Structures are given as C-alpha cells and as structure tokens.
Amino acid sequence: MKICVAQTRPVKGDFQSNLDHHKKLIDLAVSNGADTIIFPELSLTGYEPTLAKELATNQDDSRFDDLQKISDDKQITIGAGMPVKANPGILIGMIIFQPNQPRQTYSKQYLHADETPYFINGLQQAILTGDNNKIAIAICYELSVPEHSEKAYKSGAEFYIASVAKSENGVEKAVKNLSRIANKYSMTVLMSNCVGQCDDFECGGKTSAWNNKGELMGQLNETDEGIIMIDTNTHLLTEKTI
C-alpha cells in the first residue's frame, strides 16, 4: 500500500481553482502508484473561517463528482477538506472518496478556541481501512490533543495522518508533536500542510513523514506544492514537487 499526503497552495474561497490543483496532485500521486492521498485542512476552499458559512456544503454536492470518478477509475482513496453544513452550525470537514463506495465525511472533533466562533465540534473518529492497514485521520489542532492520538492507537490504527493548515511557528510545534506520537504508539505518521496565505497568516509547508520510531523520513519545503508518499511494505519514501 502507498499512502500519500499533499502540500497545496490554496486560493482563498475559490473552490474550482483549488479543485483543479487537487486533480494535478492526484494525477502525480497516481502516476507514482498511490493508493491513498490526503490533502490539508479545508483544502478545497483554503483555511478561511470567516468565509466558512457561505462556502459550506455537504458530501453529496455534485461538484465532488469529479473526485469520486477519479477515485473509482484510479482506485485511489482521496481525503479533501471542506466546510460542511450541520445542524446547528458548520463543521471543519474532510470528504473521503473511496473507490466505488459511498462518500464519508470526517469532521474535526477538537477545535482550537479561535475556531469556536465559526465552527462546531464533530463527534466521531475516522478510521480508513485498506490492504489490511488502518489509517486514523486527524485535523490540525487534534494532533495536539492526547486523547485523539490515544483513541486512534486503541482503535488499531497503524498510520496517523494529520491534515493541517499551520503557520511557520505552528508547523514546528506540530512536527515535534507528531514525532512523539509516532514514537509513543509505534505508528507511521504523516502530515499534510499548505503553503501561501490562509486566513490572516502564512502557511509554513513542511509536509512530512515519520517512521514508527518517530524519526523524520522526509519533508517538503516551505514554498512548493507537491506530495510525499510512503510504501507501507518497503518503507521507501517518494517526494515530488510541482
């Protein structure tokens, strides 16, 4: 199994432009044999809390049909970030597309205090299963909440993927936290971050992968879009930028 995380440069609130960039990165991942690709937090709109209410939708939105078709045709699981409508508010969601399966949405369970004016908490952990491997998904602040990674470990996850929108300072803290999680629970850990402007900060990139001892295996830079992919059988790493 080949698990991939993407690093994107989102265009503020521009779904179509961001979708087009997702497709390019998915093509790159597929050409390198990826089975799964996970994108950064709110990747299809950019991390823009003040715009979330007007941009929010649900997993059945027909604009997602292209991603579902790619998933079906290329046999790849795709996780893409989007604000999601809920009663009584908006969720920080990840729409999950799996080949020839109904779509799922994972919603961020643990919110940072800055997010609570705009979003509500999700309720359930997401575990993806492929080739007998279990992958737990975390969205940004959740990686800083010990209960989240502990629950992922207890669920039997061998892989922990953090989908984030982190500033330069924020990503340095995340790198340390994720290394500790990998070492503590003997999980392979990956992080997908963006570059460029998000909300009122500049994203720090450094999309990364760690082995199950917490050792950094690979890391992208702070400026380029691209992917990092790990082969779960050989533990070989692939890094590509566009």
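Quick notes on the packing of aromatic side chains
Applying the stated criterion across every chain yields a total of four aromatic pairs. Joined through ring pairs, the aromatic side chains of Phe-15, Phe-64 and Phe-97 make up one cluster. The positively charged end of Arg-63 is found above the aromatic ring belonging to Phe-15, 4.2 Å away from the centroid.

A word on the sheet that holds strand S2 (residues 36–38)
Pairing within the open sheet is mixed, and its seven strands lie in the order S5-S4-S3-S2-S1-S14-S15. The open sheet has two edge strands, strand S5 (104–107) and strand S15 (237–241), and neither has a second partner. Pairwise comparison of adjacent strand axes, ignoring direction, gives a mean angle of 25° for this sheet. Note that strand S4 (residues 90–97) and S5 share four bridges and pair antiparallel. Bridge pairing links Met-94 to Tyr-106 in S5. Strand contacts of helix H1 (residues 15–31): strand S1 (2–7), S2, strand S3 (77–85), strand S14 (226–231) and S15, with the helix running at about 40° to S14, the strand carrying the most contacts.

Regarding the sheet that holds strand S13 (residues 216–219)
If you trace the six strands from one edge of the open sheet to the other, you get S6-S7-S8-S9-S12-S13, paired in mixed fashion. Edge positions in the sheet fall to strand S6 (127–130) and S13, since each of these pairs with one other strand and no more. Taking each pair of neighbouring strands and ignoring which way they run, the sheet shows an average axis angle of 20°. Strand direction decides the pairing type here: S6 and strand S7 (residues 133–139), joined by four bridges, are antiparallel. From the neighbouring strand, Leu-128 faces S7, where its bridge partner is Ile-135. The sheet strands contacting helix H5 (residues 168–185) are strand S8 (159–163), strand S9 (188–192), strand S12 (208–210) and S13, and the helix crosses S9 at an angle near 160°.

Concerning helix H4 (residues 146–154)
Every buried residue of H4 is listed here: His-148, Ser-149 and Ala-152. The arc that holds every buried residue of H4, seen down its axis, measures 90°, which confines them to one face. Across H4 from its buried face, at more than 90 degrees, point the exposed residues Pro-146 and Lys-154. Among the structural elements, S5, S7, S8 and H5 are those in contact with the buried residues of H4.

Examining the pairing of S7
Across the seven residues that make up S7, a large majority, six, are buried. The hairpin turn running from S6 into S7, its antiparallel successor, is two residues long, and Asp-131 in that turn takes a positive phi close to 50°. Pairing analysis gives five bridges linking S7 to S8, with the strands arranged parallel. The partner of Ile-135 across the bridge, within S8, is Phe-159.

Focus on the pattern of salt bridges
Side chains that differ in charge, positive against negative, can pair when their charged atoms come close. Overall, the coordinates contain nine salt bridges when judged by the stated rule. Residue Asp-66 is joined to Lys-23 by a salt bridge in which the shortest nitrogen-to-oxygen separation is 2.8 Å. Here Asp-66, found in helix H3 (residues 65–74), pairs with Lys-23, found in helix H1; they are 43 residues apart in sequence, far enough to count as distant. By relative accessible area, Asp-66 is classed as partly exposed at 39%. Its relative accessible area of 22% is what places Lys-23 among the partly exposed residues. For Lys-206, the salt bridge goes to Glu-172, with nearest N and O atoms at 2.5 Å. Here Lys-206 is found in the loop between strand S11 (201–204) and S12, whereas its partner Glu-172 is found in helix H5, with 34 residues between them in sequence. The class of Glu-172 is partly exposed, set by a relative accessible area of 34%.

So, how was this worked out
Residues numbered from 1 in each chain as written. Predicted model: local features only at pLDDT ≥ 70, side-chain atom pairs only at ≥ 80, totals over all residues. Heavy atoms only, no water. Phe/Tyr/Trp six-rings, centres within 6.5 Å; stacked < 30°, edge-to-face > 60°. Lys NZ or Arg CZ within 6 Å of the ring centre and 35° of its normal. Pairing = 2+ DSSP bridges. Helix = DSSP H or I, 4+ residues; strand = E, 2+ residues; numbered from the N terminus. Axes fitted to C-alpha atoms, helices over the stretch in contact; angles between N-to-C directions. Contact = heavy atoms within 4.5 Å. Buried < 20%, exposed > 50% of the residue type's maximum accessible area, 1.4 Å probe, protein only. Arc of directions from axis to C-beta. Salt bridge = Lys/Arg side-chain N within 4 Å of Asp/Glu carboxyl O.

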